[in-house]
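# Coordinate analysis (summary)
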Amino acid sequence: MSTNTKKISHKTLHLTKRDSIATWKAWVIRLIAVLLALIICAFVIVGITGENPLNVYSGIIDGAVGSKRRIWVTVRETVVLLLIGVGLMPAFKMRFWNLGAEGQILMGGAAAAALMIYAGNLPPVLLIILILIASACAGIIWGFLPAFFKAHFNTNESLFTLMLNYVAMQIITFLIVFWENPSGSNSVGIINSANKGGWFPKIFGSDYTLNIIIVVVVTVVMTVYMKYTKHGYEIAVVGESHNTANYAGINVKKVVVRTMLISAGICGIAGAVIVSGASHTISTSTAGGRGFTAIIVAWMANLNPLGMLLVSAFLVFMQQGAIQIASQYGLNENASDIITGIIIFFLIGCEFFIKYKVRVKKSEEDAA
Amino acid sequence: MENYAIELKGVTKRFGSVVANNQVDLALKKGEILSILGENGSGKTTLMNMLSGIYYPDEGQILINGKEVSINCPKDAFDLGIGMIHQHFKLVDILTAAQNIILGLDGGMKLDMKKINQEIDALVSKYGFDLTPAEKIYNMSVSQKQIVEIVKVLYRGADILIFDEPTAVLTPQETERLFTVLKKMKLLGKSIIIITHKLNEVLEISDRVAVLRKGKCEGVVETKDATVESLTELMVGEKVELNIQRSDPKKPEKRIEMRGVTVRNSEGLSILKDISFVAKSGEILGIAGISGNGQKELLEAIAGIQKVDSGEILYYPPNSTTVEKLSEKTVREIQNLKISLSFVPEDRLGMGLVGSMDLADNMMIRSYRSGDSRFFTDRKTPRKLAKKIVDKLEVATPDINTPVRKLSGGNVQKILVGREIALNPDVLMVAYPVRGLDITSSYTIYNLLNEQKEKGVAVMCVGEDLDVLLQLCDRILVLCEGKISCIVNAKLTSKEEIGMYMTGARKAGV
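Each chain has its residues counted from 1, running along the sequence as written. Going through the entries in the order they are written, you letter the chains from A and number the ligands from 1. Where totals are concerned, whole chains, interfaces and linings use all residues; where local detail is concerned, this predicted model gives features only for residues with pLDDT of at least 70, and gives and counts side-chain atom pairs only at 80 or more. Values shown for side chains rest on all heavy atoms present in the structure; no hydrogens or waters enter the calculation.

## Section: the overall build of chain B
On a plain count of helices and strands, chain B comes out with 17 helices and 20 strands. Rg of the C-alpha trace for chain B: 25 Å, near the compact-globule value of 24 Å for 510 residues, within the 12% margin. Seen along its three principal axes, the alpha-carbon backbone of chain B occupies a region of about 75 × 50 × 45 Å. Remark: exposure states derive from per-residue accessible area (1.4 Å probe, protein chains only) relative to the maximum for the residue type, with buried under 20%, exposed over 50%, and partly exposed in between. The buried share among the 510 residues of chain B stands at 52%. Contacts were defined at the residue level, with two residues in contact if any of their heavy atoms lie within 4.5 Å. A fraction of 67% describes how many contacts in chain B between residues 6 or more apart in sequence connect residues 24 or more apart. We get accessible surface area from the Shrake-Rupley algorithm with a probe of 1.4 Å; when it comes to residues, only the shown protein chains can shield them. As presented, chain B carries roughly 23,000 Å² of accessible surface, and 49% of it is formed by carbon and sulfur atoms. Taken as two groups, the 68 positive and 67 negative side-chain charges of chain B have centres that lie 3 Å from each other. What counts as a helix is a DSSP run of H or I of at least four residues, what counts as a strand is a run of E of at least two, and both are numbered from the N terminus. For this measure, only C-alpha atoms enter the radius of gyration; the expected value for a globule follows 2.2 Å times N^0.38, where N is the number of residues. In this tally Asp and Glu are treated as negative and Lys and Arg as positive; neither His nor the chain ends contributes. Throughout, a charge is located at the NZ atom of Lys, the CZ atom of Arg, the CG atom of Asp or the CD atom of Glu.

Shown next as structure tokens:
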């Protein structure tokens, strides 16, 4: 054996895929991720603002659940986000990238606003039923276009649905010109503020009970639809492989169109829930990016409705908190987006450690 | 001391809780051909991937030419003179052979193609290959592509060559030619490892055989002392009967008939040209051919998945005088006619099953529309069926709620074949039914096919192992470039004859 070689040791990282992991371990990893994220956020907060991060955190909590009214707003926003997430679920399960929830919400909202303006004197129950139907139909029209072209000409649904968002926004701008009130304000203002025609009624002492009922009903129905019906089964197969679907005798085109109509219809109803159930007005920012946030909601929860509820609640919590700290500390609202971003980064990143085991391995090698 | 090219000592590799290789000790002598024999999932490929730098062992040592090494990436393997020829070629179709051979090599600023071509020509004549460096890959046959892969690793100065299932895609004649090349390389001092599960080839080509079972090395034997039976026993761990019982067809009746069927792909090229044949009840019709010569489209056309451009496909129901024209019907219409047509496609997880769904949900892929409710799925029947298949075919699975993609290839196939046979078919079509299966599972499947045949089912079986087709089938239809080159009686033909028809070297009636 020659002696002019010496051993050097160096460390290498080795990744091994985990077979399975205990549920509690996975949650511990997620919890650690959130804690780490909050620590990093604290540094960022101190670095940017010089504020005590604990104060900022308590400001966020205060903003989200600090009073009865704030709790209700948080709940209202959570259920709307959940509803849109549930709307996206069947499309995403089918691997149909519906990025057009934003436009579908706006069209649904426009239909609701139109009925409130032109038919505000109808009996309230009838009017609200009409609003829900009309808004669903408006969303469906907005979903039918990309679905039809996808099914028959294999167009790219991501681009198609995305571009329709801008068309929807222009239509709203156009409608605002007609519905301007007071004239010259370039906004629609609160519709029917006197007789509250088409507003969701107060039930059990809350303005938002009907919002919650609608969302719960839709969520439960869709969960059952996806899990236990023949349609739901078809969606799952089409999403996995068109080849398998053909083999099974599933009419892929029909399933694509039908599922997208359902998805867009629910997003349209979300528009009505926002307009009739909360803002009572319409503007180009009625959807307010919820159509995109809901994509995060759907995927982070892995299309699981219960998970979607948790993710929606978390995101809305942070959003409402942001508004609070923005006014309290004179921060820009984006400060909270930074915090949310860091937490989401850690949450998504920790999935890696749930899937893989990392080991440091020492190895010895000859070095010349 | 003996001169070893490679020595593995106590090499272990785990994937999660699965031990792919367990304390493997193995040595390759310089200038020998060593076969590594083992069933699918026995850890052959994992072991070789550790030599070629794709995986890193969890434990153990690797010695190359007597010196311990650490192979961290494929480049390390190249530097040590180890070259791997993969089962699936890694070539760029639109480049020439020479361009593929130098791809990824360091070089100066100027690319001297002339010099490279000369070097390649020198290698080619040294080993007696049949290769034109300037030819484009897409013009080449499978065996020519394999030669390019071999020259590629030789050009990089490999002294140790590892072949992963090299004969899987070759005709018998091409296999012979490959073996000649291997022997030549051995004479010129190269050390060679062949991974395979074909026993005849092991006996023909190798000097020694190492048998792997369940990740462990069960022994290394001199080929001259080995027989098919002794190797099988080592491989399986017990004695197995390697006989297929073939009974004579009973009362064969016409079931499926193709009349002048032509199928074109989306680019308008015809995949099947003027196909006419008859499949009869109570017999097994084998379909042979080099992969990609229209076998897939033939079965899919009958199943209604593939659109037929011209010609007709007819179905003759048992005990009836009506004739159904399948070529004009969709899959759903065929199902609605209560035509019991079972189909085990080649792409198990891409077509026959849904990988992310559990066993029970996979049972209902073709029958989910049945059940009392119009709207809701019936989950009870498929669950029962899944349990029955798991019991009857001894599927290794934790439970029936496991996603099928987590099962091994053999178990996936059992699920698929089990489901299709449970439909009580009149016609059963299977494509590569035993691909990836171990010996015992393969024979389970052969027996199932025979059982169906004896029940009077018209069985059509696309296969790649000619030895098996010859034993199992009654008639064999050979496809070449989308045309039928012959239909022969399996009892009266030979592997060589079918090989000739497969390459189109012989045409029917010639």
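After presenting the structure, the write-up continues.
## Some words on the overall build of chain A
Tallying secondary structure elements over chain A gives 13 helices and two strands in all. Dimensions of chain A, computed from C-alpha atoms along their principal axes, come out at roughly 100 × 60 × 35 Å. Taken over 368 residues, chain A has a buried fraction of 49%. Once local pairs closer than 6 in sequence are excluded, the contacts in chain A between residues at least 24 apart make up 77%. Summed over all atoms, the accessible surface of chain A reaches about 18,000 Å², with 66% contributed by carbon and sulfur. Charge-centre separation for chain A: the mean point of 27 positive side chains lies 8 Å from the mean point of 16 negative side chains.

## Here we look at the environment of Tyr208 of chain A
For Tyr208 of chain A, the location among the structural elements is in the loop between α6 (157–179) and α7 (209–228). Looking at Tyr208 of chain A, the relative accessible area reads 15%, which means it is buried.

## Some remarks on the domain arrangement of chain A
All names here are of chain A. Source of the domain bounds: an automatic or database domain assignment. Domain annotation of chain A identifies domain 1 (10–51 + 329–368) and domain 2 (73–325). One C-alpha centre belongs to domain 1, the other to domain 2; they are set 33 Å apart. In this assembly, ten residues from domain 1 lie in contact with seven residues from domain 2. Summed over both sides, the interface of domain 1 with domain 2 buries roughly 870 Å², with 81% coming from carbon and sulfur. Salt bridge criterion: a side-chain nitrogen from Lys or Arg within 4 Å of a carboxyl oxygen from Asp or Glu. Connecting domain 1 to domain 2 are zero salt bridges. In the analysis that follows, any N or O atom pair within 3.5 Å is treated as a polar contact, provided that within protein one partner can donate a hydrogen and the other can accept it, and provided that, for residues neighboring in sequence, both atoms belong to side chains. On the surface where domain 1 and domain 2 come into contact, there are zero residue pairs in polar contact (both at pLDDT 80 or more). The term buried area refers to how much accessible surface (probe radius 1.4 Å) is lost by two components on association, counted for both of them together.

## Concerning the packing of aromatic side chains
Residues and elements named next belong to chain A. Here a Phe, Tyr or Trp ring, Trp counted by its six-membered ring, pairs with any other such ring whose centre lies within 6.5 Å, and the pair is stacked when the planes are under 30 degrees apart, edge-to-face when over 60, and tilted otherwise. For the structure shown, the criterion picks out 20 aromatic pairs over all chains. With a centroid separation of 5.6 Å and an interplanar angle of 5°, the aromatic rings of Phe92 and Trp299 are classed as stacked. Highlighted residues: Phe92 in helix α3 (residues 68–93) and Trp299 in helix α11 (residues 290–300), separated in sequence by 207 residues. Ring centres of Phe345 and Phe346 lie 5.9 Å apart, and the angle between their planes is 75°; on these two criteria the pair is classed as edge-to-face. On the basis of relative accessible area, Phe345 is assigned to the exposed category, the value being 60%.

## Considerations on the interface of chain B and chain A
With 42 residues of chain B in contact, the opposing surface of chain A contributes 30 residues. Carbon and sulfur atoms supply 54% of the area buried between chain B and chain A, which totals about 2,700 Å² over both sides. Counting every contact that joins chain B to chain A gives 19 residue pairs in polar contact (both at pLDDT 80 or more). Put simply, the parts of the chain that give the side of chain B that touches chain A at least two residues each are β1 (4–15), α10 (331–336), α11 (348–352), α12 (359–363) and α14 (409–422) of chain B. For this classification, the nonpolar set comprises Ala, Val, Leu, Ile, Met, Phe, Trp, Tyr, Cys and Pro, the charged set comprises Asp, Glu, Lys and Arg, and every other residue, Gly included, is treated as polar. Residues belonging to the side of chain B that touches chain A are distributed by class as follows: 17 nonpolar, 13 polar and twelve charged.

## Considering a nonpolar patch on the surface
There is a patch of nonpolar side chains on the surface, built from Trp24, Val28, Ile32, Leu36, Ile39 and Phe43 of chain A and spanning about 640 Å² of accessible area. With respect to the secondary-structure elements, Ile32 of chain A resides in helix α1 (residues 23–49). In this analysis, a patch consists of residues with relative accessible area above 30% that form no salt bridge, clustered at 9 Å for like charges and at 5 Å for the nonpolar side chains Val, Leu, Ile, Met, Phe, Trp and Tyr.

## Quick word on empty space enclosed by the protein
Residues and elements named next belong to chain B. Cavities and pockets were defined on a 1 Å grid built from protein atoms only: a cavity is a group of points that admits a 1.4 Å probe but offers it no way out, a pocket is an open group of points flanked by protein on both sides within 12 Å along at least five of seven lines, and a lining residue is one with an atom within 4 Å of any such point. Grid points are joined across faces, edges and corners, and a volume is the space filled by probe spheres set on the points. Counted by the stated rule, this structure contains three cavities of 30 Å³ or more. Counted as a void, the largest cavity has a volume near 60 Å³. What lines the largest cavity is simply Lys296, Leu299, Glu300, Phe343, Pro345, Glu346, Asp347, Met351 and Ala431. Of the residues in the lining of the largest cavity, the class split is five nonpolar, no polar and four charged.

## Some remarks on the nonpolar core
Think of a nonpolar core as a cluster: buried Ala, Val, Leu, Ile, Met, Phe, Trp, Tyr and Cys residues, connected wherever their side-chain atoms sit within 4.5 Å. Ranked by internal contacts, the top residues of the largest apolar core, which has 180 residues, are Ile256, Phe277, Ile302, Met460 and Ile476 of chain B. Among the elements that line this core, the one with the most residues is helix α10 (residues 252–279) of chain A, at 14 residues. Sequence-distant contacts of Ile256 of chain B, defined by excluding residues within four places in its chain, comprise Phe277, Val278, Ala279, Ile302, Ile313, Leu314, Tyr315, Leu326, Leu341, Val427 and Met460 of chain B. In this structure, Val151, Leu178, Phe179 and Ile205 of chain B belong to the second largest nonpolar core, which totals 35 residues.

## Overview of the sheet that holds strand β13 (residues 284–288) of chain B
All names here are of chain B. Strands pair, by our definition, only if DSSP identifies at least two bridges between them. Strand order in the open sheet made by the six strands is β16-β17-β18-β13-β19-β20, with mixed pairing throughout. Bordering the open sheet on either side are β16 (341–344) and β20 (483–489), each of which pairs with just one other strand. Geometrically, the sheet is characterised by an average inter-axis angle of 15° between neighbouring strands, direction not taken into account. Note: β16 against strand β17 (residues 427–431), four bridges, orientation parallel. Axes, fitted as lines to C-alpha atoms, cover a helix only where it is in contact. Angles between the N-to-C directions of the axes lie from 0 to 180 degrees.

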